[in-house]
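# Structural overview for review
Residues per chain are reported as follows:
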Amino acid sequence: MHELPLTNKILDIALDYARKNEASRIVSVQIGLGVMHEAEPEWMNKYFAWITRGTVAENANLDFRRYPVIWFCQKCQKPFKDPGEKSAGTFCPECSENRELTLISGKEFRVESIIIS
Ligand SMILES: [Zn+2]
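Quantities reported herein were computed from a predicted structural model and do not represent experimental measurements.

### Things to note about the pattern of salt bridges
- Inspection of every chain in the model, using the stated rule, returns 8 salt bridges.
- The partner of glutamate 94 in a salt bridge is lysine 78, with the nearest N and O atoms 3.4 Å apart. Taken together, the residues span a long stretch of sequence, with glutamate 94 in the loop between strand E4 (78-81) and strand E5 (101-105) and lysine 78 in strand E4 at a distance of 16 residues.
- Since its relative accessible area comes to 53%, glutamate 94 is described here as exposed.

### Comments concerning the domain arrangement of the protein chain
- Entries for the protein chain in the domain assignment read domain 1 (3-66 + 107-116) and domain 2 (70-101).
- Distance from the C-alpha centre of domain 1 to the C-alpha centre of domain 2: 33 Å.

### Digging into the environment of lysine 107
- Structurally, lysine 107 can be placed in the loop between E5 and strand E6 (109-116).
- Here lysine 107 falls in the exposed class, since its relative accessible area comes to 54%.
- With 40 residues separating them along the chain, lysine 107 and tyrosine 67 place their C-alpha atoms 8.0 Å apart.
- Those residues in contact with lysine 107 that sit more than four places away from it in its chain are Gly34, Met36 and His37.

### With respect to the coordination of the zinc ion
- In the first shell of the zinc ion, the protein supplies Cys73 (SG), Cys76 (SG), Cys92 (SG) and Cys95 (SG), at 2.3 Å from the metal.
- Classification of the site at the zinc ion rests on its 4 donor atoms, whose angles at the metal span 101 to 113°, yielding the label tetrahedral.
- Read from N- to C-terminus, the donor residues coordinating the zinc ion fall into the pattern C-x2-C-x15-C-x2-C. Taken together, the positions of cysteine 73 in strand E3 (residues 70-73) and cysteine 92 in the loop between E4 and E5 put the pair 19 residues apart, joining distant regions of the chain. For the pair cysteine 73 and cysteine 92, a shared accessibility class is recorded, and that class is buried.

### A few points about the pairing of strand E2 (residues 61-67)
- Bridge analysis of strand E1 (residues 26-34) against E2 gives 7 bridges, and the strand direction is parallel. Paired with glutamine 30 across the two strands is aspartate 63, which belongs to E2.

### A look at helix H2 (residues 41-51)
- Along H2, the residues that are buried comprise Pro41, Met44, Tyr47, Phe48 and Ile51. Projected down its long axis, H2 shows its buried positions confined to an angular sector of 125°, all on one face.
- Those residues of H2 that are buried are in contact with helix H1 (3-20), E1, E2 and E6.

### Some details on the nonpolar core
- Core analysis: the largest hydrophobic core is formed by 18 residues, its most contacted members being Ile10, Ile26, Val29, Met44, Phe48 and Leu62.
- For this core, the secondary structure elements donating two or more residues are H1, E1 and H2.
- Top element by residues in this core is H1. It accounts for 5 residues.
- Discounting residues that sit within four places of it in the chain, isoleucine 10 has contacts with Val29, Ile31, Met44, Phe48, Leu62, Phe109 and Val111.

### Considering the packing of H1 against H2
- Between H1 and H2, whose axes approach to 9 Å, the crossing angle comes to 55°. When the interaxial angle is binned, H1 and H2 end up oblique. Here H1 runs over H2; the crossing is right-handed. Contacts from Glu3, Leu4, Leu6, Thr7, Asn8, Ile10 and Leu11 in H1 reach Trp43, Met44, Tyr47, Phe48, Trp50 and Ile51 in H2.
- Of the residues in the contact of H1 with H2, the class split is 10 nonpolar, 2 polar and 1 charged.

Reading guide: rules and limits
- Residues numbered from 1 in each chain as written.
- Predicted model: local features only at pLDDT ≥ 70, side-chain atom pairs only at ≥ 80, totals over all residues.
- Heavy atoms only, no water.
- Salt bridge = Lys/Arg side-chain N within 4 Å of Asp/Glu carboxyl O.
- Helix = DSSP H or I, 4+ residues; strand = E, 2+ residues; numbered from the N terminus.
- Buried < 20%, exposed > 50% of the residue type's maximum accessible area, 1.4 Å probe, protein only.
- Domains from an automatic or database assignment.
- Contact = heavy atoms within 4.5 Å.
- Donors = N, O, S within 2.8 Å, 3.2 Å for Na, K, Ca; no water.
- Tetrahedral: all angles 85-135°; square planar, octahedral: opposite > 155°, others 65-115°.
- Pairing = 2+ DSSP bridges.
- Arc of directions from axis to C-beta.
- Core = buried A, V, L, I, M, F, W, Y, C linked by side-chain atoms within 4.5 Å.
- Axes fitted to C-alpha atoms, helices over the stretch in contact; angles between N-to-C directions.
- Parallel < 35°, antiparallel > 145°, perpendicular 65-115°, else oblique.
- Left-handed = near helix turned anticlockwise from the far one by under 90°.
- Nonpolar A, V, L, I, M, F, W, Y, C, P; charged D, E, K, R; others polar.

Listed below in structure tokens is the structure:
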């Protein structure tokens, strides 16, 4: 389970931000998470509720903003959204190429905003 270290990292960032801004409470933390990232929001919510006890982040919400999988075809010089059919592999819808693809979105993991009070 690598959700726990990731969730600890989120809390560190949020607490550091709250300290610098002299906040009395952290209301919510928005997390940008690509759909290809292996972290499960459900587990992160559980861990977060547990590790925030006794901190200014207690009862804060984690809001997940999910990012779709987007590839860029080097041949067509165009991006396209992954249809999500994993068994079929990923092919450019324009030229059917599957080797000149670069992943440009879908594996994000970042703290995007923190709401404090
Ligand atoms: Zn193409």
